[in-house]
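What the coordinates show
Below, each chain spelled out in residue letters.
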Amino acid sequence: MARMTPPAIVILGAGALTTARRIQALYADSQVHGLQGRVEADVSYSELGAHLRELYARGTPIVALCAAGIVIRCVAPLLANKGAEPPVLAVAEDGSAVVPLLGGLAGVNVMARVIAAALAVSPAITTSGELRFGTCVLNPPEGYALADLGQGKRFVSDLLAGESTRIEGEAPWLDDAQLPRSASARLAIRVTPRAWSGRDDELVIHPRSVVAAVSGAGAGAGAGAGAEIEARVREALDAQGLAVLSLAALLASSEHMADQALAQAAASLNVPLRFAQTHPEDGERPSERPSNLLHAALRIPYETLHDDATSGVALAVAPLAIDPDTIGRARGRLTVIGLGPGSADLMAPAARAALNEATDILGYDTYVKMAGPLRADQRVHGTDNREEMQRARHAFELASMGRSVVMVSSGDPGVFAMAAAVLEALDAERNAQWHAIDLSIVPGVSAAMATAAQAGAPLGHDFCMLSLSDNLKPWTIIEKRLRHAAEADLVMAFYNPISRARPWQLDKALDIVREYRAATTKVVLGRDIGRPGGTLRTITLGDLRSSDVDMRTMVIVGSSTTRGFAKNAEGGEWIYTPRWYE
Ligand code: SAH
């Protein structure tokens, strides 16, 4: 059930290491994050604020061994738009104080109790309901949802005022709570899939125990098709007196895996969309009866409450909350992302989000390392394998099993990288399962952009990107393009400029360019830009030697108008290509 992400235990110096390791021992797969240069730990970070914000944004629980005020200041910019908030705790370096700060509905107080118990101190719990009852009745575990938070708060204040409560239904997580219970109490905590009646003497908690199967799909699609499916499901739930919050998943036939209306309906209902394959009886068309889908997808006993041929919705109600991962299967996903040149701050948030959601990550080992830190439950298929088509096919095979796959490239995935290989693999494949997966491509900051930005704006006018590698194209093509680009006075960004297997090509390329461009032409060399030890150099075409360049270098050759001027303070030079021609 609840798969808690292991917390990041963050320390600033060696003085906190002992306490950190004691906390680490409480959480399987947790890691200690230490400030680079100050303390050796499992993961190193270079700036506390940025690191805490990144962890917070990813929903990672944080145990920070430093002043509570520092932690609050660091994450403050992210607090305004309150989405799902991970637990955040401050712990004194010497283990003498444990302060839950954020994530009241994500179990921060439970963590505070566990950590404080291990350190033999009292946790600084400030939530009033918790002080008395030892648990937060407003925070049911995963698989359960509170019908109405406002009502919940009123209910807890009644309890605090001295009332007792009954418990109706199965609420095993309340077994150990020190709730004032009485079978004859006026107040009741009711665990039920039925909709809350509005009575204020009841705290209603819904187990996510209902599955809605829908037949057909958003036939004809169109903007309203998703809303139409959603309305049909809501009506069916309503007719049975069931709460929308009791819904564990929306179920449809595998044939409609790529249907957008279904995806929209599931998103509006805020439940996962799952798929099943029916095995039709003789003479019956597959998937026409939604109750057949339920039968194919659910391995648990359930009651069919609603099986309406006209609305095309069938509802199954299980006695307890259902883990949606066990219902049929998900639509597989493949996201091809660009990591940018290397540093985390140049990676698009959409790429970060895809990484967070991934079950499987594929790519060159170096890039997979750049994408980290990854969670222990994420499978890495790192490889030195240069066979890109094989890797692309592997990604599709995983995705068509229902997994969430991320393929990583450096820079932009569409620039001399994996996106084209992935599309080529799909284009050549007839298997409908491959075509049904949710494929998307997330752009990244390409090496030419990252290098150009550091130098100034050498790509400020028309330019081209060329790979000098003749692994996948004949050298004659490269020569021809170089000639045309040089003659057209385009600024040129050279990718893959040189390698051990291709030692002479760069000199040959420069000879061609020198036929058209002056020796004084500006050249920018960016090596490992955005990575540790990155360097930027500006020289001229006349002085450039192939020994100045290696396979980790981006070479930008200016046009006839590319120019430079001295930087005022830092030294060095700004390089730019004006937007106009004389
Ligand atoms: N998809 C990548 C390019 C892959 S081709 C992108 O969009 O950036 C690999 C080439 O890119 C290398 O040979 C080098 O020329 C260039 N390159 C990639 N990362 C770089 C970096 N951080 N600094 C400088 N050049 C880089």
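Residues numbered from 1 in each chain as written. Predicted model: local features only at pLDDT ≥ 70, side-chain atom pairs only at ≥ 80, totals over all residues. Heavy atoms only, no water.

All right, on to the site of the ligand then. As a matter of local geometry, the ligand sits amid 20 residues, with V415, S446, A447, M551 and T553 nearest to it. Within the backbone of P341, one N or O atom sits 3.4 Å away from a nitrogen atom of the ligand. One of the backbone N or O atoms of S410 is found 2.9 Å from a nitrogen atom in the ligand. Here the ligand has 550 Å² of accessible area as a free molecule, and 93% of this is covered by the chains. In terms of residue class, the shell around the ligand is built from 10 nonpolar, 6 polar and 4 charged. (Near = heavy atom within 4 Å. Polar contact = N/O pair within 3.5 Å; in protein donor to acceptor, adjacent residues only side chain to side chain. Areas by Shrake-Rupley, 256 points an atom, 1.4 Å probe, with all protein chains shown as cover. Nonpolar A, V, L, I, M, F, W, Y, C, P; charged D, E, K, R; others polar.)

This brings us to unusual backbone geometry. A positive phi angle, near 60°, is found at A120, a position not held by glycine. Tracing the sequence through the fold places A120 in the loop between α4 (108–119) and α5 (128–133). Judged by its relative accessible area of 70%, A120 falls in the exposed class. Even without being glycine, D528 reaches a positive phi, approximately 50°. Residue D528 is classed as buried on the basis of its relative accessible area, which comes to 7%. (Helix = DSSP H or I, 4+ residues; strand = E, 2+ residues; numbered from the N terminus. Buried < 20%, exposed > 50% of the residue type's maximum accessible area, 1.4 Å probe, protein only.)

In space, the 3 strands of this open sheet follow the order β21-β28-β27, with mixed pairing throughout. What marks the edges here is a single partner per strand, and that holds for β21 (456–457) and β27 (563–566). Alignment of β21 against strand β28 (residues 573–576), held across 2 bridges, turns out to be parallel. Across the sheet, the residue bridging to G456 is I575, located in β28. (Pairing = 2+ DSSP bridges.)

Once that is clear, we can look at the domain arrangement of the protein. Where the parts come together, the accessible area they lose is often given as the size of the interface. Taken domain by domain, the protein comprises domain 1 (8–126), domain 2 (144–206), domain 3 (210–325), domain 4 (332–445) and domain 5 (448–576). Domain 1 and domain 2 are separated by 32 Å when their C-alpha centres are compared. (Domains from an automatic or database assignment.)

By the element assignment, V32 lies in strand β2 (residues 31–35). Exposure remark for V32: the relative accessible area of 0% places this residue in the buried category. Along the backbone, V32 and D42 are 10 residues apart, and their C-alpha atoms lie at a distance of 5.3 Å.

Our next topic: the pattern of salt bridges. For the coordinates displayed, the defined rule picks out 23 salt bridges. R199 is the partner of D201 in a salt bridge, and the nearest nitrogen-oxygen pair spans 3.2 Å. Of the residues examined, R199 reaches a relative accessible area of 43% and is grouped as partly exposed. For the salt bridge of D325 with R274, the shortest nitrogen-to-oxygen distance reads 3.9 Å. You can see D325 sitting in the loop between β15 (313–317) and β16 (333–338) and its partner R274 sitting in strand β13 (residues 273–276), a full 51 residues away along the chain. The exposure class assigned to R274 is buried, which follows from its relative accessible area of 8%. Salt bridges sharing partners connect three or more residues here, namely R527, D528, D550 and R552. (Salt bridge = Lys/Arg side-chain N within 4 Å of Asp/Glu carboxyl O.)

On to the state of the cysteines, then. The full count for this structure, using the stated rule, is 0 disulfides. Here C66 stays unpaired: no disulfide links it, and the sulfur of C74, its closest cysteine neighbor, is 7.0 Å away. In this structure C66 comes out as buried when scored by relative accessible area, which is 12%. (Disulfide = S-S within 2.5 Å.)

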